[in-house]
Amino acid sequence: KTIHILNGPNLNLLGKREPEIYGHETLADVESACAAVAAERGHAVRLFQSNHEGEIVEQIHRARDEAAAIVINPAAYTHTSVAILDALNAFEGPVIEVHISNVHKREAFRHHSYVSLRADGVIAGCGVEGYALAIRRVCSLIG
Ligand code: DQA
């Protein structure tokens, strides 16, 4: 089965952007780590990143046909996007929300997540390892 790993705005800069918060690893490193974990269980991953809310919504629509599960770091849209929440509500498989940083230790505006109203699980503050942990979890859920 295929697991979609969706990433929101500014995560294309992962590894270069505020490394004291987000670390030095890139999205390409995340993809290969996740692919290895999924492959152990006979699954595949597809990573997508966009700085545009509507493109993320459309990718979630595609996941309805193409993905058994979604791992999503909506980045700043976590805290603002009803559209991404609604799109995820139209997806039937497991959804795990990932944040590289511990959003609860940061500014108050990062403490609320629209996506958490849909997510089956949330991982925050485990660095980029959080993505591989999320893949492990969805593999258990999809079998
Ligand atoms: C983030 C946390 C968000 O608050 C922030 O806007 C991001 C990244 C994280 O992975 O820690 O861009 O989702």
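What you see is a predicted model; the values in this text were computed from it and never measured.

Section: the site of the ligand
- All residues adjacent to the ligand are Asn 10, Asn 73, Ala 75, Ala 76, Thr 78, His 99, Ile 100, Ser 101, Val 103 and Arg 110.
- Split by residue class, the shell around the ligand holds four nonpolar, five polar and one charged.

A look at helix H2 (residues 27-40)
- Relative to the 20 Å expected for 14 residues at 1.5 Å per residue, H2 spans 20 Å between its end C-alpha atoms, a close match to the ideal helical length.
- For H2, every residue scored as buried is listed here: Val 30, Cys 34 and Ala 38. The buried residues of H2 all sit within an arc of 60° when viewed along its axis, so they share a single face. In H2, the exposed positions that point more than 90 degrees away from the buried face belong to Ala 28, Ser 32, Ala 36, Ala 39 and Glu 40.

Side note on the UniProt feature "site: Transition state stabilizer" (unreviewed entry) in the protein chain
- UniProt marks Arg 17 with the feature "site: Transition state stabilizer" (unreviewed entry), using the numbering shown here.
- Looking at the element boundaries, Arg 17 is found in the loop between strand E1 (2-7) and helix H1 (19-22).
- With 12 C-beta atoms counted inside 10 Å, the residue Arg 17 sits in the exposed group.
- Beyond its immediate chain neighbours, meaning those up to four positions away, Arg 17 contacts Asn 10 and Tyr 22.

Notes on the UniProt feature "binding site: substrate" (unreviewed entry) in the protein chain
- The feature "binding site: substrate" (unreviewed entry), as annotated in UniProt, sits at Asn 73, His 79, Asp 86, Ile 100, Ser 101 and Arg 110 in this numbering. A maximum C-alpha distance of 24.3 Å is found for the annotated residues, which run over 38 residues; spatially they are spread out rather than grouped.
- Relative to the elements of secondary structure, Ile 100 occurs in the loop between strand E4 (95-99) and strand E5 (121-124).
- Take Ile 100: there are 23 C-beta atoms within 10 Å of it, and that puts it in the buried class.
- Residue contacts for Ile 100: discarding those within four places in its chain leaves Tyr 22, Gly 23, Gly 127, Val 128 and Gly 130.
- Taking the C-beta count within 10 Å as the criterion, Arg 110 has 17 such neighbours and is therefore assigned partly exposed.
- In this view, Arg 110 contacts His 79 and Val 103; residues no more than four positions away in its chain are not counted.

What about the environment of Ala 36?
- Position of Ala 36 among the secondary structure elements: in helix H2.
- When the 12 C-beta atoms within 10 Å are taken as the criterion, Ala 36 is described as exposed.
- Through-space distance from the C-alpha of Ala 36 to that of Ala 132 is 8.9 Å; in sequence the pair is 96 residues apart.

Concerning the nonpolar core
- Grouped together as the largest cluster of nonpolar side chains are 36 residues, with contacts concentrated most on Ile 3, Val 71, Tyr 131 and Ile 135.
- Contributions of two or more residues to this core are made by E1, H2, helix H3 (53-66), strand E3 (69-73), helix H4 (82-89), E4 and helix H5 (129-142).
- Here the element with the most residues in this core is H5; it accounts for six residues.
- Non-local contacts of Val 71, meaning those with residues more than four positions away in its chain, are made with Ile 3, Ile 5, Ile 96, Val 98, Tyr 131, Ala 134, Ile 135 and Val 138.

Let's talk about unusual backbone geometry
- Even without being glycine, Asn 10 reaches a positive phi, approximately 75°.
- Tracing the backbone through its elements, the reader meets Asn 10 in the loop between E1 and H1.
- Phi angles above zero are rare outside glycine, and Glu 18 is one such case at about 35°.
- Mapped onto the fold, Glu 18 is located in the loop between E1 and H1.
- Overall, Glu 18 belongs to the exposed group, with 11 C-beta atoms counted inside 10 Å.

Rules of the game
- Residues numbered from 1 in each chain as written.
- Predicted model: local features only at pLDDT ≥ 70, side-chain atom pairs only at ≥ 80, totals over all residues.
- Near = placed C-beta within 6 Å.
- Nonpolar A, V, L, I, M, F, W, Y, C, P; charged D, E, K, R; others polar.
- Helix = DSSP H or I, 4+ residues; strand = E, 2+ residues; numbered from the N terminus.
- Expected span 1.5 Å × (residues − 1).
- Buried ≥ 20, exposed ≤ 12 C-beta atoms within 10 Å, placed from the backbone.
- Arc of directions from axis to C-beta.
- UniProt positions renumbered as here; feature names shortened; annotations may be inferred.
- Contact = placed C-beta atoms within 7 Å.
- Core = buried A, V, L, I, M, F, W, Y, C linked by C-beta atoms within 7 Å.

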